[in-house]
Amino acid sequence: MSDDRLTDVVGIDRGIRFLAAAYDSSGKTTFFSGVQVKAKRAHYKALRKELQRVGTPSSRRRLKAIGQRENRWMNDVDHCISKALAESYPKGTLFVLEDLTGIRKATERVKASNRYVSVSWPYYDLEQKLIYKAAMRGQKVINVDPAYTSQTCPKCGRRDKVSRDKRLHLFRCTGCGYTSNDDRIAAMNLYSMGNEYLVQSGKSMSLAGGVRSMTPDVTPASADHCRAVTSPFFKASA
Ligand SMILES: [Zn+2]
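The shown structure was predicted, so the numbers you read here are calculated from the model rather than taken from an experiment. (Residues numbered from 1 in each chain as written. Predicted model: local features only at pLDDT ≥ 70, side-chain atom pairs only at ≥ 80, totals over all residues. Heavy atoms only, no water.)

**Student:** Go over the environment of R184, please, and point to the residues and values.
**Tutor:** By the secondary structure assignment, R184 is in helix α6 (residues 182-200). As for R184 and H169, which are separated by 15 residues in sequence, their C-alpha atoms are 9.8 Å apart. Within the local environment of R184, its side chain forms a polar contact with the side chain of T29, the two groups lying 2.8 Å apart. (Helix = DSSP H or I, 4+ residues; strand = E, 2+ residues; numbered from the N terminus. Polar contact = N/O pair within 3.5 Å; in protein donor to acceptor, adjacent residues only side chain to side chain.)

Quick look at the structure:
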């Protein structure tokens, strides 16, 4: 996908509370809940721990089988989310993700009870699947430096740590007062960085003038097994 064919931008913030929060050109945010994944991984972890403790040949066989089952399931979750993302946006969409260095840093900051989930979560796999599916649909994925994406106001540009209340998952700009969910703020900033990327590469001047409307050209397949993974998710408007 050459850059001059890119016409839409979607910023995607990845995390634990939401596996993905995607902010698009129409001002909508789509959240993919991480609650079920977190619970299921905790369940697998407890099961593995117990089987390791038992340590018999049969428990080791079960341990292996469970590990494979967990991997298949995790693979499927990544497949479903990347599929939903690729199919929700039109050809010519630029997906903007924070690079994985930032994810490792973010992982170090999460509280201990969340840590095993974030450390082992296959962000890399999700990204690879999205890159593959995006390429098939005439879309593109880029990585950007995620520094300050959670503490910069997407409206006025003010950067202030104090604007973000991590405990309440709330961002309130100390400059202009703009308020939103903090995962959404990160996605909005990734979106802006994507627009900047297009403007600077000089390949899509249409975006420099403002936000374009978005018309998905494909309706996601209905009633397939991915529906359970990608819902509940909800959309919020700006
Ligand atoms: Zn502001």
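**Student:** If you had to explain the state of the cysteines to someone new, which residues and values would you point to?
**Tutor:** Scanning the model with the defined rule gives 1 disulfide in all. The residue that forms a disulfide with C80 is C226, at a sulfur-sulfur distance of 2.1 Å. Taking the torsion about the sulfur-sulfur bond, which here is approximately -75°, the covalent link between C80 and C226 counts as left-handed. With C80 in helix α2 (residues 57-88) and C226 in helix α7 (residues 226-230), this residue pair connects regions lying 146 residues apart in the sequence. Residue C80 shares its accessibility class with C226, and that shared class is buried. (Disulfide = S-S within 2.5 Å. Buried < 20%, exposed > 50% of the residue type's maximum accessible area, 1.4 Å probe, protein only.)

**Student:** Which residues make up the pattern of salt bridges, and what are the values?
**Tutor:** Counted under the stated rule, the structure contains 10 salt bridges. E98 is the partner of R14 in a salt bridge, and the nearest nitrogen-oxygen pair spans 3.7 Å. Taken together, the residues span a long stretch of sequence, with R14 in strand β1 (residues 8-14) and E98 in strand β4 (residues 93-98) at a distance of 84 residues. R14 sits in the buried class, given a relative accessible area of 6%. Among the ionic pairs, R164 bridges to D182, the shortest N-O distance being 3.0 Å. Linking R164 in strand β6 (residues 164-165) with D182 in helix α6, this pair joins segments that are 18 residues apart in sequence. For R164, a relative accessible area of 23% corresponds to the partly exposed category. Here the salt bridges share partners, and the residues they tie into one network are R17, R164, D182 and D183. (Salt bridge = Lys/Arg side-chain N within 4 Å of Asp/Glu carboxyl O.)

**Student:** For the packing of aromatic side chains, give the residues involved together with the corresponding values.
**Tutor:** On inspection of all chains with the given rule, the structure shows 4 aromatic pairs. Ring centres of F18 and F31 lie 4.6 Å apart, and the angle between their planes is 45°; on these two criteria the pair is classed as tilted. Of the two residues, F18 sits in strand β2 (residues 18-24) while F31 sits in strand β3 (residues 29-33), which places them 13 residues apart along the sequence. No difference in accessibility class separates F18 from F31, as the two residues are buried. Seen in terms of ring centroids, Y23 and Y191 are 5.2 Å apart; in terms of plane orientation they differ by 75°. Their pairing is edge-to-face. With Y23 in strand β2 and Y191 in helix α6, this residue pair connects regions lying 168 residues apart in the sequence. The exposure classification of Y23 matches that of Y191, with both residues buried. Across the ring face of Y148, the terminal group of R159 is positioned such that the distance to the ring centre comes to 3.5 Å. (Phe/Tyr/Trp six-rings, centres within 6.5 Å; stacked < 30°, edge-to-face > 60°. Lys NZ or Arg CZ within 6 Å of the ring centre and 35° of its normal.)

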